[in-house]
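# Examining the three-dimensional arrangement
Given next are the chains, with one letter for each unit.
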Amino acid sequence: MKKVYIFEVKRLLVPVSIYFGIMCILGFTVYLTSSGLYWRPFSQMLGFFCIGLVMGVTFLSFTYNKKRVSADMSYSLPVTKRQLFLGKYLADITIIFAGAILYLFLCIITFIFAMSTENNIISNPIYDFKIFLKCGLLYLVTILPLFHFFLLFYYKGNSVLDGIAFIGCGIGILAIILGIICKWGEVDAPWDIFSLFIKGPGDFIVNDVQSAYIISYTLCVILGYGILIYLLWFSGKDCSIRTQEISNGIFGYKLFLPMIGFLLPIVAGSEYFDINFIFFILTVVGIFISYCIYHRSIKFNRLSYISIGVILSYTLIYYTAISFI
């Protein structure tokens, strides 16, 4: 496992360094072009950097089980499947934390430089600097759960396309659930996981947030840490047989697509969605395309036809009921 870890760290250094340089240039561009800078642009740039870093290392490290040749080669190494997974996982979190801490440090240096310039563009520098430091520390706490979400959804896919689709479906389901929580709590809060991660730390520190917002954020963090237990268990049972086959397991399209179909209308009609006939048509088209991606064909099995019929019937009934209210 040690050799896997060292090899993976060395393999990730070059692409991550290139990404780091690009994000530094973008960060300095934001700084140089801003006329009234304060803590939030620095905080959001750090959030965008972390999301891009997490997505990048996930795709780079865990595509080995998405192609038959690389899967056979990886699983033939003189390490167990769980050790292979752990070696790559530990290398990823090393790169993620090192990159996030280094970028945070550079943001701090830029912030201090902005505070020390004669034409100080930060109106209340000490206050903004303290808030930014707190946001940075909170990002370091929440970046690991975010990585676990991406890793779980991508790792479970049998191909690269399935992995990307699972990320979209999984993040979409989380967004809908968080939207329901925020709607239930009647709060105006970022309810998708990206906005929650980017804006959440600042809102927690600066604003007097309501309980539904706290529940949403805490739920994502706790669930994100708990995902690692499942990943460690599943990695020991993984095999190359499933590689590039149709992702027909329970944790996949069979679960994600019906969940999206049933959850989406629940938040419809709120401030986030406007349910109407166009909504229903888009649902029909979206469900059909999703099942085409699932089966890699326009021909489905009987269970999928039943699922599509139930989802569309449910959506039509819900749309009709909402229209008369």
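Scroll up to find the structure.
Residues numbered from 1 in each chain as written. Predicted model: local features only at pLDDT ≥ 70, side-chain atom pairs only at ≥ 80, totals over all residues. Heavy atoms only, no water.

## Some words on unusual backbone geometry
For Arg296, which is not glycine, the phi torsion reads 55° and is therefore positive. With respect to the helices and strands, Arg296 occurs in the loop between helix 10 (277-295) and helix 11 (302-323). Taking relative accessible area as the criterion, Arg296 reaches 40% and is therefore assigned partly exposed. (Helix = DSSP H or I, 4+ residues; strand = E, 2+ residues; numbered from the N terminus. Buried < 20%, exposed > 50% of the residue type's maximum accessible area, 1.4 Å probe, protein only.)

## Concerning the nonpolar core
Formed by 76 residues in total, the largest nonpolar core has its most connected members in Phe62, Tyr103, Phe147 and Tyr155. Among the elements that line this core, the one with the most residues is helix 5 (residues 125-156), at 17 residues. Each residue touching Tyr103, except ones within four places of it in the same chain, is listed here: Phe20, Met23, Cys24, Gly27, Met45, Leu46 and Phe49. (Core = buried A, V, L, I, M, F, W, Y, C linked by side-chain atoms within 4.5 Å. Contact = heavy atoms within 4.5 Å.)

## Observations regarding a nonpolar patch on the surface
Residues Leu161, Ile281, Val285, Phe288, Ile289, Ile293 and Ile298 make up a contiguous nonpolar surface patch of roughly 630 Å² in combined accessible area. Among the elements that take part in the nonpolar patch, helix 10 stands out by supplying five residues, more than any other. (Patch = residues over 30% accessible without salt bridge, like charges linked within 9 Å, V, L, I, M, F, W, Y side chains within 5 Å. Areas by Shrake-Rupley, 256 points an atom, 1.4 Å probe, with all protein chains shown as cover. Salt bridge = Lys/Arg side-chain N within 4 Å of Asp/Glu carboxyl O.)

## Overview of the packing of aromatic side chains
Each aromatic ring pair is specified by the distance between its two centres and by the angle formed by the two planes. Enumeration according to the criterion identifies 20 aromatic pairs in this entry. Between Phe49 and Tyr103, the aromatic rings sit 4.2 Å apart at their centres with planes inclined by 5°, giving stacked as the arrangement. Pair noted here: Phe49 is in helix 2 (residues 39-61) and Tyr103 is in helix 4 (residues 81-116), with a separation of 54 residues, a long-range link. The pair Phe49 / Tyr103 is uniform in exposure class, with both members buried. Arranged with centres 6.2 Å apart and planes meeting at 45°, the rings of Phe62 and Tyr64 form a pair that is tilted. (Phe/Tyr/Trp six-rings, centres within 6.5 Å; stacked < 30°, edge-to-face > 60°.)

## Some details on helix 3 (residues 68-75)
Of all the positions in helix 3, only Ser70, Ala71, Ser74 and Tyr75 are classed as buried. End-on, the buried residues of helix 3 take up no more than an arc of 120°, which puts them together on one face. Of the exposed residues in helix 3, the ones pointing more than 90 degrees away from its buried face are Val69 and Met73. (Arc of directions from axis to C-beta.)

## Section: the pattern of salt bridges
One pass over the full model with this rule turns up three salt bridges. Linking Arg11 and Glu8 is a salt bridge whose minimum nitrogen-to-oxygen distance equals 2.5 Å. A residue pair is termed a helical-turn pair when its members lie 3 or 4 positions apart in one helix, as Arg11 and Glu8 do in helix 1 (residues 2-33) at three residues. Of the residues examined, Arg11 reaches a relative accessible area of 34% and is grouped as partly exposed. Put simply, Arg296 and Asp162 hold a salt bridge, and the shortest N to O gap is 2.9 Å. With Arg296 in the loop between helix 10 and helix 11 and Asp162 in helix 6 (residues 160-185), this residue pair connects regions lying 134 residues apart in the sequence. Salt bridges linked by common partners bring Glu8, Arg11 and Lys88 together as one network.

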